[in-house]
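# Structural overview for review
Read off the chains here:
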Amino acid sequence: MAHPLYKQEQELRNRILLRPIGLPDHGWEMDDHKAWHFVAVEGDRVVGCVILVPLQDGVAQLKQMAVETGNQSRGIGRLLVDALLAFARTRQLQEIICHARDTAIPFYIKNGFEIYDEPFVEVGVPHHHMRIFL
Ligand SMILES: CC(C)(COP(=O)(O)OP(=O)(O)OC[C@H]1O[C@@H](n2cnc3c(N)ncnc32)[C@H](O)[C@@H]1OP(=O)(O)O)[C@@H](O)C(=O)NCCC(=O)NCCS
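Computed from a predicted structure; not experimentally measured. (Residues numbered from 1 in each chain as written. Predicted model: local features only at pLDDT ≥ 70, side-chain atom pairs only at ≥ 80, totals over all residues. Heavy atoms only, no water.)

Pairing is mixed in the open sheet, where 6 strands are placed in the order β1-β2-β3-β4-β6-β5. With partners counted over all chains shown, the strands left at the sheet margins are β1 (36-42) and β5 (114-122), one partner each. Within this sheet the neighbouring strands show an average axis-to-axis angle of 25 degrees, counted without direction. In the sheet, β5 pairs with strand β6 (residues 125-133) via 6 bridges, with the strands oriented antiparallel. Across the sheet, residue I115 finds its bridge partner in β6, namely M130. In this fold helix α1 (residues 6-18) packs onto β1, β2 (45-54), β3 (59-67) and β4 (95-101), with an angle of close to 90 degrees to the strand it touches most, β2. Each of β1, β2, β3, β4 and β6 touches helix α2 (residues 76-90); the most contacted strand, β2, lies at about 35 degrees to it. (Pairing = 2+ DSSP bridges. Helix = DSSP H or I, 4+ residues; strand = E, 2+ residues; numbered from the N terminus. Axes fitted to C-alpha atoms, helices over the stretch in contact; angles between N-to-C directions. Contact = heavy atoms within 4.5 Å.)

Turning next to α2. When the terminal C-alpha atoms of α2 are compared, their 21 Å separation across 15 residues agrees well with the 21 Å that a helix rising 1.5 Å per residue should span. Every buried residue belonging to α2 is among I76, G77, L80, V81, L84, L85 and A88, and all of these are buried. Where α2 ends, the next residue or the one after it, Q92, has phi of about 60 degrees, a positive value. (Expected span 1.5 Å × (residues − 1). Buried < 20%, exposed > 50% of the residue type's maximum accessible area, 1.4 Å probe, protein only.)

Looking at where Q10 falls in the secondary structure, it is placed in helix α1. Using a relative accessible area of 13% as the deciding quantity, one classes Q10 as buried. Separated by 96 residues in the primary sequence, Q10 and P106 have C-alpha atoms spaced 25 Å apart. With sequence-adjacent residues up to four places away left out, Q10 is seen in contact with H26 and E29.

The next point concerns the site of the ligand. The full set close to the ligand counts 21 residues, and V67, S73, G75, G77 and R78 are the nearest of them. Within the backbone of V67, one N or O atom sits 2.8 Å away from an oxygen atom of the ligand. Backbone polar atom of R74 to an oxygen atom of the ligand: 3.2 Å apart, as the coordinates give it. For the ligand, the accessible surface in isolation is 900 Å², of which the surrounding protein chains cover 72%. More than half of the atoms of the ligand fall within 2 Å of the grid points belonging to the largest pocket. Those elements that place two or more of their residues in the shell around the ligand are α1, β3, α2, β4 and α3 (105-110). If you tally residues by element for the shell around the ligand, the top one is α3, at 4 residues. Along the lines of polarity and charge, the residues of the shell around the ligand split into 11 nonpolar, 6 polar and 4 charged. (Near = heavy atom within 4 Å. Polar contact = N/O pair within 3.5 Å; in protein donor to acceptor, adjacent residues only side chain to side chain. Areas by Shrake-Rupley, 256 points an atom, 1.4 Å probe, with all protein chains shown as cover. 1 Å grid on protein atoms, 1.4 Å probe; cavity = no way out; pocket = protein on both sides within 12 Å on 5 of 7 lines; lining within 4 Å. Sits in = over half its atoms within 2 Å of the grid points. Nonpolar A, V, L, I, M, F, W, Y, C, P; charged D, E, K, R; others polar.)

See the structure below:
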């Protein structure tokens with residue numbers, strides 16, 4: 001059975017990540033079953049979320065990072081990334097990668113990530129590969 005907060009996480013991603021770029025609701029849930037999920041909760045409302053998808057050999061991918069519009073720039077994204085990295089260390093992961101939308105690059109840099117490889121376009125949005133070694 002799904003976690004009681006999962007539905008709110010899905011709705012947050014629909015609003016913040018999918019609809020603004022014209023993707024269908026629930027269009028990016030293919031990794032959810034194998035991911036670790038992190039949510040920021042205020043009262044009984046999910047205001048931020050991110051997932052960590054295990055890849056191979058000590059590497060995992062941060063995906064689906066979103067903070068509710070009215071709650072952005074309040075440090076919630078940083079709290080989520082801190083929790084994700086702390087968890088990754090407990091799992092002896094050595095590297096976290098992500099596909100960063102260009103608009104979010106300063107956020108990831110402030111959280112210790114670096115750019116590598118060439119820029120690319122995913123779902124019509126300019127991205128860079130980013131990573132952090134633990
Ligand atoms: C990107 C996002 C997750 C950041 O979460 P947030 O809660 O707003 O970020 P925080 O408040 O924790 O910011 C942490 C730091 O990054 C900075 N930062 C955050 N977003 C930024 C941006 N777009 N440009 C420049 N700096 C940014 C903040 O100023 C803050 O710096 P400070 O500690 O020096 O004040 C959030 O803005 C969001 O959901 N954006 C829309 C969806 C999106 O782009 N997701 C990422 C897809 S790859």
